[in-house]
Amino acid sequence: MGCGSCSTGGGCSPAGCKSNGSCLTNGCSKLDVHDWLSHMDMPTNYKPFSIVEVKFKGSRKEFYHNNDNIYLETGDLVAVETTTGGYDIGHVSITGELVRMQMTKRHVKEADVVKKIYRRATPADVDKWKLAKDMEWETMHKSRTLALELNLSMKISDVDYQGDKTKATFYYTAEGRVDFRELIKKMAESFLIRIEMRQIGMRQEASRLGGIGSCGRELCCSTWLTDFKTVSTSAARYQNLSLNTLKLAGQCGKLKCCLNYELDTYMDALKHIPDNVNVLKTEKGDARLQKTDIFKKIMWFSYPREESWVPMTIDKVKEIQQLNREGIIPADLGEVFEEETKPVKVLDYENVVGQDSLTRLDERRNNQNKNKNKNKNRNRNGAGEQQANKIDGAPQGPRPERSNRQQGNRPEGGNRQQHQQGPRPDGAQAGPKPEGGGTRPQGNNNNRRNNNRPRPNNPNNRNNDNPARPE
């Protein structure tokens, strides 16, 4: 049975379902049994088991006869017989051979099943069942108000309406016996239904209401736990737990049921631990027991006025205890037991899982920044060396070839000075070069393009390299 069957009403427990059919908790799946062999075909001469298990609100389940051989599946709504008359509506939880196994588990015989299934629930039955479930919350609060007016020391925790809306069962908790006869009269006059009062324990109340435990999971009693065994403080004492009632108590106010889960393991381990060994007598002094590790089977003792503890094995403790019984007092506790310490294996989760370090991007970014800084320094040093070479007049290496437009009509084998003093466009010959008009240094490349081209005779041209011109 899943949430889809609960979405038709508030019949689920402890938390019910949302309107869209999705569960808030695992309450709708409580105590469910999955049939792993449901897809297999039965033999031809197989006769289906006539008893069906039906689930109601909370963890209440009952067995009913399917005398009319109605085809039923898990989660179907059916109308069943009740002991007080009328009918009730419930969900089919198990059919087939699993019902026989459940009956064997609960020690229920086939002869004890007397109630039967009437029919599949009709739309009218479902509508009436929904109205009855919608009245439960308001009825519970009104009944609490009536109980307070009568000064009754009881707490009404839940109300369960019958499917035909003719009867309601009130679940309450109380420390002792409560005389609620006057309360039943007032509730019958107010609600106009048959009243049934049923007292439950604190654990059953927590099971019906549900909740989240201190472990962070849903309560065991509201999901899978069916039988509530008594839990005593000795269970916590055997497990060496602090006797703090605030930590050991659950939401029901009682000791947590999970204290019994590992109790058998601790009891088996305590069988090998010697009893009444609080003091071991030696010539050095009386050694008192300080600590016991029941799983490692090691006991720690300490001498008076000494802060150090002496670890001992159980066999050694039993040996000294037997000597004390015989009246023999040993010199001391013997050699100090050294516990074997195994090296802790460090798991490389990075290689196991296949993930990189979270700082891998930061390291890569730092490496890139370092490489950039190195390249910048190299470029700066290279530029400085080139500039120094230019200043010193060092050769700069082969220059790229220039086009004919940039080179001009330079004669082969002629130098720069001869070309500048060649014939001009107007046919005038350049005069003698004045003194001090030596050749231009090769390192200066400014205005090279303008100097290589022939220029007209312009007295206002300041860029002319030859100042001596014919008049």
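Residues numbered from 1 in each chain as written. Predicted model: local features only at pLDDT ≥ 70, side-chain atom pairs only at ≥ 80, totals over all residues. Heavy atoms only, no water.

Can you walk me through the overall build of the protein chain in this structure?
The secondary structure content of the protein chain amounts to 15 helices and twelve strands. The buried share of the protein chain, reckoned over its 471 residues, is 31%. Residue pairs in contact within the protein chain that sit at least 24 positions apart in sequence constitute 59% of those at least 6 positions apart. Working note: accessible area of the protein chain is about 32,600 Å², and carbon and sulfur atoms make up 49% of it. (Helix = DSSP H or I, 4+ residues; strand = E, 2+ residues; numbered from the N terminus. Buried < 20%, exposed > 50% of the residue type's maximum accessible area, 1.4 Å probe, protein only. Contact = heavy atoms within 4.5 Å. Areas by Shrake-Rupley, 256 points an atom, 1.4 Å probe, with all protein chains shown as cover.)

What's the story with the pattern of salt bridges in this structure? I'm lost.
Two side chains of opposite charge can pair, provided their charged atoms sit close to one another. By the definition in use, this model includes 22 salt bridges. We note a salt bridge from Lys167 to Glu196, for which the minimum N-O separation is 2.7 Å. Taken together, the residues Lys167 in strand S7 (residues 167-173) and Glu196 in strand S8 (residues 194-199) connect sequence positions 29 residues apart. Among the charged side chains, a network of salt bridges with common partners joins Lys57, Arg60, Glu62, Asp88, Lys115, Lys133, Glu136, Asp158, Asp160 and Arg208. (Salt bridge = Lys/Arg side-chain N within 4 Å of Asp/Glu carboxyl O.)

Help me out: how do you make sense of the nonpolar core in this one?
Nonpolar side chains in soluble globular proteins tend to be buried together. Core analysis: the biggest nonpolar cluster contains 21 residues, and Met154, Phe170, Tyr172, Leu183, Met187 and Met197 have the highest contact counts within it. Breaking this core down by element, the ones donating at least two residues are helix H4 (136-149), strand S6 (155-161), S7, helix H5 (181-191) and S8. Among all residues touching Met197, those that are not within four sequence positions of it are Met154, Phe170, Tyr172, Phe180, Leu183, Ile184 and Met187. With eleven residues, the next largest nonpolar core counts Val310, Met312, Val317 and Leu333 among its residues. (Core = buried A, V, L, I, M, F, W, Y, C linked by side-chain atoms within 4.5 Å.)

Is there a simple way to explain the packing of H4 against H5 in this structure?
Each pair of packed helices can be summarised by the angle the axes make with each other and by the distance between the axes. Relative to each other, H4 and H5 sit at 140 degrees, their axes nearing to 10 Å. One finds that H4 runs oblique with respect to H5. Between H4 and H5 lies a crossing of right-handed hand. Note on element contacts: H5 touches H4 through Leu183, Lys186, Met187 and Phe191, opposite Thr139, Lys142, Ser143, Leu146 and Ala147. A per-class count over the contact of H4 with H5 returns five nonpolar, two polar and two charged. (Axes fitted to C-alpha atoms, helices over the stretch in contact; angles between N-to-C directions. Parallel < 35°, antiparallel > 145°, perpendicular 65-115°, else oblique. Left-handed = near helix turned anticlockwise from the far one by under 90°. Nonpolar A, V, L, I, M, F, W, Y, C, P; charged D, E, K, R; others polar.)

In this structure, what is going on with the packing of aromatic side chains? I would like to understand it.
In this description, an aromatic ring pair is defined by two values, namely the gap between the centres and the angle between the planes. Tallied over the entire structure, the rule returns five aromatic pairs. Each ring, one from Phe56 and one from Tyr64, has its centre 6.2 Å from the other, and the planes form 70 degrees; the classification is edge-to-face. Both residues of the pair, Phe56 and Tyr64, belong to the buried class. Taking the centre distance of 5.7 Å and the plane angle of 70 degrees together, the rings of Tyr172 and Phe180 count as edge-to-face. Tyr172 sits in the buried class, given a relative accessible area of 5%. Taking NZ or CZ as reference, Arg60 lies 4.1 Å from the ring centre of Phe56, over its face. Positioned above the aromatic ring of Trp300 is the side chain of Lys291, whose terminal nitrogen or guanidinium carbon lies 5.0 Å from the ring centre. (Phe/Tyr/Trp six-rings, centres within 6.5 Å; stacked < 30°, edge-to-face > 60°. Lys NZ or Arg CZ within 6 Å of the ring centre and 35° of its normal.)

How do you make sense of helix H9 (residues 263-270) when you look at a structure like this?
All of the buried residues in H9 are Leu263, Tyr266 and Ala269. Axial view of H9: buried residues confined to an arc of 125 degrees, hence all on one face. Its buried side turned inward, H9 meets helix H7 (233-238). (Arc of directions from axis to C-beta.)

What is the right way to read the sheet that holds strand S2 (residues 61-65) from this model?
Two orientations exist for strands paired in a sheet by backbone hydrogen bonds: parallel and antiparallel. On the basis of which strands lie adjacent, the open sheet formed by five strands has the order S2-S1-S4-S3-S5 and antiparallel pairing. Taken across any chain shown, the strands that pair with only one partner, and hence form the sheet edges, are S2 and strand S5 (117-120). Direction aside, neighbouring strands of the sheet carry axes that sit 45 degrees apart on average. Sheet contacts for helix H2 (residues 97-105): strand S1 (51-55), S2 and strand S4 (87-94); angle to S1, the most-contacted strand, approximately 75 degrees. Sitting on the sheet, helix H3 (residues 123-134) touches strand S3 (77-81), S4 and S5, and the angle it makes with S4 is about 100 degrees. (Pairing = 2+ DSSP bridges.)

In this structure, what is going on with the environment of Gly90? I would like to understand it.
If you trace the backbone, Gly90 turns up in strand S4. By relative accessible area, which is 1% here, Gly90 ends up buried. Along the primary structure Gly90 and Val54 are separated by 36 residues, whereas in three dimensions their C-alpha atoms are 6.0 Å apart. In this view, Gly90 contacts Val54, Lys55, Phe56, Asp76, Leu77 and Val78; residues no more than four positions away in its chain are not counted.

Sorry if this is basic, but what is going on with the side chain of Asp76 here?
Turning to its location among the elements, Asp76 is positioned in the loop between S2 and S3. Here the side chain of Asp76 touches Glu73 through a polar contact of 2.7 Å, landing on its backbone nitrogen. Engagement of the side chain of Asp76 in a polar contact is seen with the side chain of Arg120, the distance being 3.2 Å. With residues up to four places along the chain from it excluded, the contact list for Asp76 reads Gly90, His91, Val92 and Arg120. (Polar contact = N/O pair within 3.5 Å; in protein donor to acceptor, adjacent residues only side chain to side chain.)

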